[in-house]
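Residue-level structure breakdown
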Amino acid sequence: MSKPSTLTARQRQILDWIIAFQRDQGAPPTRLEICRAFGFRSPNAAESHLRALADKGAIDLTGGRARGIRLPARGSSERSPARSGRRSSLPLIGQVAAGSPILAEQNVEDEIELGGQSFKPTAHYLLRVRGDSMIDAGILNGDLLAVHRTQTASDGQIVVARLGEEVTVKRLHHAGDRILLLPANPAYAPIEVNADGEPCSIEGLGVGVLRRGLS
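Residues numbered from 1 in each chain as written. Predicted model: local features only at pLDDT ≥ 70, side-chain atom pairs only at ≥ 80, totals over all residues. Heavy atoms only, no water.

This part takes up the side chain of Asn 107. Within the secondary structure layout, Asn 107 lies in the loop between strand 3 (90-93) and strand 4 (108-112). Judged by relative accessible area, Asn 107 falls into the buried class, the value being 1%. Within polar-contact distance, the side chain of Asn 107 engages the backbone oxygen of Ile 102 at 3.3 Å. Not counting residues within four places of it along the chain, the set of residues in contact with Asn 107 comprises Leu 92, Ile 93, Gly 94, Gln 95, Val 96, Ala 97, Ser 100, Pro 101 and Ile 102. (Helix = DSSP H or I, 4+ residues; strand = E, 2+ residues; numbered from the N terminus. Buried < 20%, exposed > 50% of the residue type's maximum accessible area, 1.4 Å probe, protein only. Polar contact = N/O pair within 3.5 Å; in protein donor to acceptor, adjacent residues only side chain to side chain. Contact = heavy atoms within 4.5 Å.)

Written out as structure tokens, the structure is:
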């Protein structure tokens, strides 16, 4: 393996996501899971990024295995910061293009030098909040919501939900076969989702707020 060298912002983003995925799931991701997370059109794009990470000593690749990604032992000056969070960064997601994966490249505004391990559970990205529907929960227009990627959440938790082609931040509540996405502002009505109606999926769990404001 070649001597570790500096990762690009995109490579560090993918490496941090792989580390978080393995910690949360107990196994490394497949190429297809990487494609879905980052909006790559084919596994070849994921493979290209993985090869670049391997060439820089950030990961090891095992041929012939769907989950053949290995994180080398600690000790490398390049790998250790990504694990410890001292030099890791989180992608900042701005306006989410309709129907695109949240972490698709066209949605990433910037990289914020902040370790995901600063939040519990670990944050995988920051989402710029638009609107004031969650002001009573302390989430204001322009804030950055730290989000833990998950497809499940409990009643009362603040979630990032995909409703059709739109992404929204609301508090989750189940009522029989219905899902209610509750605002934290009396000026807004709850969003009701029927089990057999418009598709709704959980994209992540809000785990913290950074107050940046709109520029």
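The pairing of strand 8 (residues 166-175) with strand 9 (residues 178-182) spans five bridges and is antiparallel. Each residue of the ladder has a partner; that of His 174, found in strand 9, is Ile 179. Hairpin connection of strand 8 to strand 9: two residues between the antiparallel strands, including Gly 176 at a positive phi of 65°. (Pairing = 2+ DSSP bridges.)

Okay, the packing of aromatic side chains next. For the structure shown, the criterion picks out three aromatic pairs. When the ring of Trp 17 is compared with that of Phe 21, the centres are 5.2 Å apart and the planes differ by 40°; the resulting orientation is tilted. Placement of the pair is Trp 17 and Phe 21 together in helix 1 (residues 9-25), with a separation of four residues, close to one helical turn. Accessibility classification places Trp 17 together with Phe 21 in one group, the buried group. Seen in terms of ring centroids, Trp 17 and Phe 38 are 5.6 Å apart; in terms of plane orientation they differ by 75°. Their pairing is edge-to-face. Here the residue Trp 17 occupies a position in helix 1, and Phe 38 occupies one in helix 2 (residues 31-38), the gap between them amounting to 21 residues. Phe 38 carries the same exposure label as Trp 17, and that label is buried. Here a set of aromatic residues connected by ring pairs shows up, and it is made of Trp 17, Phe 21, Phe 38 and Phe 40. (Phe/Tyr/Trp six-rings, centres within 6.5 Å; stacked < 30°, edge-to-face > 60°.)

On to the nonpolar core. Within the largest apolar cluster, 35 residues are counted, with the highest numbers of intra-cluster contacts made by Ile 18 and Ile 34. The set of elements that each furnish at least two residues to this core consists of helix 1, helix 2, helix 3 (43-55), strand 5 (125-128), strand 6 (144-149) and strand 7 (158-163). Once you skip the residues sitting within four places of it in the chain, Ile 34 turns out to touch Trp 17, Ile 18, Pro 29, Phe 40, Ala 46, Leu 50 and Ile 69. The next biggest cluster of nonpolar side chains, apart from the first, holds 17 residues, and it includes Leu 90, Ile 112, Val 193 and Val 207. (Core = buried A, V, L, I, M, F, W, Y, C linked by side-chain atoms within 4.5 Å.)

With that out of the way, let us pick up helix 1. Compared with an ideal rise of 1.5 Å per residue, which puts 17 residues at 24 Å, helix 1 spans 24 Å between its outermost C-alpha atoms and is within 8% of the ideal. Most of helix 1 sits out of view: 12 of its 17 residues are buried. Along helix 1, the positions that sit buried rather than exposed are Arg 10, Gln 11, Arg 12, Gln 13, Ile 14, Leu 15, Asp 16, Trp 17, Ile 18, Ile 19, Ala 20 and Phe 21. Directly beyond the C-terminal end of helix 1, a positive phi value near 80° is found at Gly 26. (Expected span 1.5 Å × (residues − 1).)

Here Pro 72 is to be found in the loop between strand 2 (69-70) and helix 4 (79-84). In this structure Pro 72 comes out as buried when scored by relative accessible area, which is 11%. Spatially, the C-alpha atom of Pro 72 lies 6.6 Å from that of Asp 60, the residues being 12 residues apart in sequence.

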